[in-house]
Amino acid sequence: PELRVRMPDLPTPPEVDPERERVRLFEAFAACLQALAKQRPLVVVLEDLHWAGEGTIEALHFLVRRMVQQPVLFIATYREEEATRAHPLRRLRRELQEEKILFTFTPRSLGRSDVADLLTRVARQPSASSAEVPGEGVPEASVADALLARSGGNPLFLNELIQGLREGRGDPAGDELPETAREAISQRVGRLDERSSALAEVASVVGNGFDVDIVRDVTGWAENDVLDALSQLIDRRIVKESGSRSGYAYAFTHHLVQDTIYGQIAQDARVRRHRRVARALEETFADRRREFVAAIARHHDLGLEAGPAAAAYLAAAKTAFEVYAYDEALRYVERCLQLDSSPALRREALRLRETMRSRRGERTEQGEDLTALDALAQASDDPVFACDVLRRRVFYARAVGDPEGEVSLVVQLMACAARCRDPRARADSLVVEAVHATMLGDRARAARAAGEALAIYQEIGDAAGQLEARCVQIELATDGGTF
């Protein structure tokens, strides 16, 4: 009918009932395409069919079936996240697949080689000056890795990132997402219904991964309401099932989606939700607390609960320390110390950090921790803690090559241990004395101290201590030829 605007002399077709009129229009489309295809094969490209209504989808269905024997190829593109289960496009796809006249192809996310190739092509463009080359001055491999990490291989996000770099906006390893990409994500989220949008916000506070139980506890909704809202988020490709490896059942399809949704939440609402998420994680994963303690710490922290956050960060640091993830453990300890200055917590956190710095050979930083620990020991009336600090200072003096300081500290340690009624502290100090005496060649003193330490460890049932004392005895026997 719109042809009359261009060709007003067209004759008026005879009137028919509305249903027949639509079929006549479809027949006209088919006749037009068939005529165009007579001279040479025809390709018809239809973009963004997720925006199409029922009428357009029915017209396409009619044309595809009518043209099946003609040299006509239809190429249709659409976004899966926008074509929900109720969308007519889904029905069209199922029917055409059953008729075996449809081939579907889902583009994969771009990989590192794709990103590197794209950067090379951009750099070779004749119009690009040296200032326009993305990541100029940064190794090409580093730029590709950074862009891939930020975009997740999403072509839209990658395009925006590269364009931003060409225009001098940001750097390859930056955290900010180009505004155009954020707007695209915001528009997709904006088309959710109210309940699904609220669930997406709560899930974004939990993190990139989440569980139904967690969001249900935070929202206070019935489980059916949560599942209904979650279903729409999955249909729109905002979240996906993540499998068991992540520890969570669901995850956002891209970390930028989660970041964008989270960034739209008011600050006071974020704080309240982080507090509720922290408590939900503690209760839901009580039997797996070690696995989630870092997340619990983060939520207490963002919920402005300094005390619980500091305690959880310290627990997370200990867990990381046990698997030799020292960099991660140090970050947790440092955040713990920033949040809480109570002597008891500082004592434990500084001891852990001093141990890690000792193992990493960071002597300057280790010395600073020992100075802080010594100040805490002098301010306390805990002889066991004082002995532990002195024992650490002996090891430090030995490591930095301070024999005179080591001698003085061993004397102080033995005096402190004599005043201390704790048997383990006494045994620990005797092992230190035995090792020191061995290094000085005083074999008799070393053997006596090691024997006393072993007896105490055996009495209190300390297997690790017994092993340490035995090692000293074996070393003495080996050096003396009596092994």
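Residues numbered from 1 in each chain as written. Predicted model: local features only at pLDDT ≥ 70, side-chain atom pairs only at ≥ 80, totals over all residues. Heavy atoms only, no water.

Novice: Mind showing me how you'd approach the overall build of the chain here?
Specialist: Summing up its helical and strand segments, the chain has 22 helices and 5 strands in all. Looking at the chain as a whole, 40% of its 483 residues qualify as buried. For the chain, the exposed surface amounts to about 27,000 Å²; the carbon and sulfur share of it is 51%. (Helix = DSSP H or I, 4+ residues; strand = E, 2+ residues; numbered from the N terminus. Buried < 20%, exposed > 50% of the residue type's maximum accessible area, 1.4 Å probe, protein only. Areas by Shrake-Rupley, 256 points an atom, 1.4 Å probe, with all protein chains shown as cover.)

Novice: Any chance you could explain the nonpolar core here in plain terms?
Specialist: Where a protein is soluble and globular, its nonpolar side chains tend to be buried together. If you look at the biggest cluster of nonpolar residues, it comprises 65 residues, and the most contacted ones within it are Phe210, Val215, Ile238, Phe252, Leu281 and Met356. Looking at this core element by element, the count peaks at 9 residues for helix H14 (residues 306-322). Those residues in contact with valine 215 that sit more than four places away from it in its chain are Leu199, Val202, Ala203, Val206, Phe210 and Val226. Grouped together as the second largest cluster of nonpolar side chains are 29 residues, Ala386, Met414, Ala434 and Ala449 included. (Core = buried A, V, L, I, M, F, W, Y, C linked by side-chain atoms within 4.5 Å. Contact = heavy atoms within 4.5 Å.)

Novice: Would you explain the side chain of arginine 392 in this entry?
Specialist: The topology assignment puts arginine 392 in helix H18 (residues 383-399). Assessed through its relative accessible area of 12%, arginine 392 is described here as buried. Those residues in contact with arginine 392 that lie beyond four places of it in its chain are Arg351, Glu354, Thr355, Leu370 and Leu373.

Novice: Quick question: what am I supposed to make of the sheet that holds strand S4 (residues 239-241) here?
Specialist: Backbone hydrogen bonds are what pair the strands of a sheet, in a parallel or an antiparallel way. With respect to topology, 3 strands assemble into an open sheet ordered S3-S5-S4, the strand pairing being antiparallel. Strand pairing shows two members of the sheet lacking a second neighbour, strand S3 (209-210) and S4, which therefore form its edges. Pairing analysis gives 2 bridges linking S3 to strand S5 (residues 250-252), with the strands arranged antiparallel. Each residue of the ladder has a partner; that of glycine 209, found in S5, is alanine 251. Strands S3, S4 and S5 of the sheet are contacted by helix H10 (residues 223-235), whose axis makes an angle of about 100° with S4. (Pairing = 2+ DSSP bridges. Axes fitted to C-alpha atoms, helices over the stretch in contact; angles between N-to-C directions.)

Novice: I would appreciate a short explanation of the side chain of aspartate 369 in the present structure.
Specialist: Structurally, aspartate 369 can be placed in helix H17 (residues 363-379). Exposure remark for aspartate 369: the relative accessible area of 2% places this residue in the buried category. Apart from residues no more than four positions distant in its own chain, aspartate 369 is found in contact with Leu350, Arg353, Glu354 and Arg357.

Novice: What's the story with the packing of aromatic side chains in this structure? I'm lost.
Specialist: The description of an aromatic ring pair uses the distance of the two centres, along with the angle that the planes make with each other. In the structure shown here, the tally under the stated rule is 9 aromatic pairs. Seen from their ring centres, tyrosine 248 and phenylalanine 292 are 5.4 Å apart, and the 75° between their planes marks the pair as edge-to-face. Within this pair, whereas tyrosine 248 is found in the loop between S4 and S5, its partner phenylalanine 292 is found in helix H13 (residues 289-302), the two being separated by 44 residues in sequence. Taken individually, tyrosine 248 and phenylalanine 292 each receive the classification buried, so the pair is uniform in this respect. In this structure an aromatic cluster arises from ring pairing among Phe210, Tyr250 and Phe252. In this arrangement the basic side chain of arginine 270 is found over the ring face of tyrosine 262, its NZ or CZ atom lying 4.4 Å from the centre. Directly above the ring of phenylalanine 385 sits arginine 347, whose terminal nitrogen or CZ lies 4.0 Å from the centroid. (Phe/Tyr/Trp six-rings, centres within 6.5 Å; stacked < 30°, edge-to-face > 60°. Lys NZ or Arg CZ within 6 Å of the ring centre and 35° of its normal.)

Novice: Explanation requested: helix H3 (residues 88-98) in the structure shown.
Specialist: The α-helix winds at 3.6 residues per turn, so residues separated by three or four positions along the chain end up facing the same way. If you check which residues of H3 are buried, you get Pro88, Leu89, Arg90, Leu92 and Leu96. Lining the buried residues of H3 we find helix H2 (54-66) and H10.

Novice: Quick question: what am I supposed to make of the confidence of the model for the chain here?
Specialist: Detailed conclusions should not be drawn from predicted coordinates in areas where pLDDT is low. On average, residues of the chain score 85 in pLDDT, and 90% of them reach the 70 mark or higher. Low pLDDT, under 50, characterises residues 127-132; the stretch is placed with 6 contacts to residues that sit more than four places away or in other chains. (pLDDT = per-residue confidence, 0-100.)

Novice: I'm lost on unusual backbone geometry in this one. Help?
Specialist: In this structure, aspartate 48 is a non-glycine residue whose phi angle is positive, near 55°. Mapped onto the fold, aspartate 48 is located in the loop between strand S1 (42-46) and H2. Overall, the relative accessible area of 35% leaves aspartate 48 in the partly exposed class. One non-glycine residue with positive phi stands out, namely lysine 100, at about 60°. Positionally, lysine 100 belongs in the loop between H3 and helix H4 (112-124). What makes lysine 100 exposed here is its relative accessible area of 75%.

Novice: What's the story with the pairing of strand S2 (residues 72-76) in this structure? I'm lost.
Specialist: Walk down a regular strand and you will see the side chains alternate between the two sheet faces. Pairing analysis gives 5 bridges linking S1 to S2, with the strands arranged parallel. Along S2, the bridge assignment pairs valine 43 with leucine 73. Once the chain exits S1 it traverses H2 before rejoining the sheet at S2, and the crossover so formed is right-handed. (Right-handed = clockwise from strand over helix to strand, strands pointing away.)

Novice: I keep staring at helix H16 (residues 343-360) and nothing clicks. Help me out?
Specialist: For H16, spanning 18 residues, the distance from its first C-alpha to its last is 25 Å, which sits close to the expected 26 Å at 1.5 Å a residue. Residues of H16 that are buried: Leu345, Ala349, Leu350, Leu352, Arg353, Glu354, Met356 and Arg357. The elements touched by buried residues of H16 are H14, helix H15 (326-339), H17 and H18. After H16 finishes, the residue glycine 361 shows a positive phi value of roughly 75°. (Expected span 1.5 Å × (residues − 1).)

Novice: Any chance you could explain the packing of H2 against H3 here in plain terms?
Specialist: For any two helices packed against each other, one specifies the inter-axial angle together with the distance between the axes. Between H2 and H3, the least distance of the axes is 9 Å, while the angle of their chain directions is 15°. By the angle between their axes, H2 is roughly parallel relative to H3. The handedness of the crossing between H2 and H3 is right-handed. Within the contact between the two elements, H2 uses Glu54, Ile57, Leu60, His61, Val64 and Arg65 and H3 uses Pro88, Leu89, Arg91, Leu92, Glu95 and Leu96. For the contact of H2 with H3, a count of residues per class yields 7 nonpolar, 1 polar and 4 charged. (Parallel < 35°, antiparallel > 145°, perpendicular 65-115°, else oblique. Left-handed = near helix turned anticlockwise from the far one by under 90°. Nonpolar A, V, L, I, M, F, W, Y, C, P; charged D, E, K, R; others polar.)

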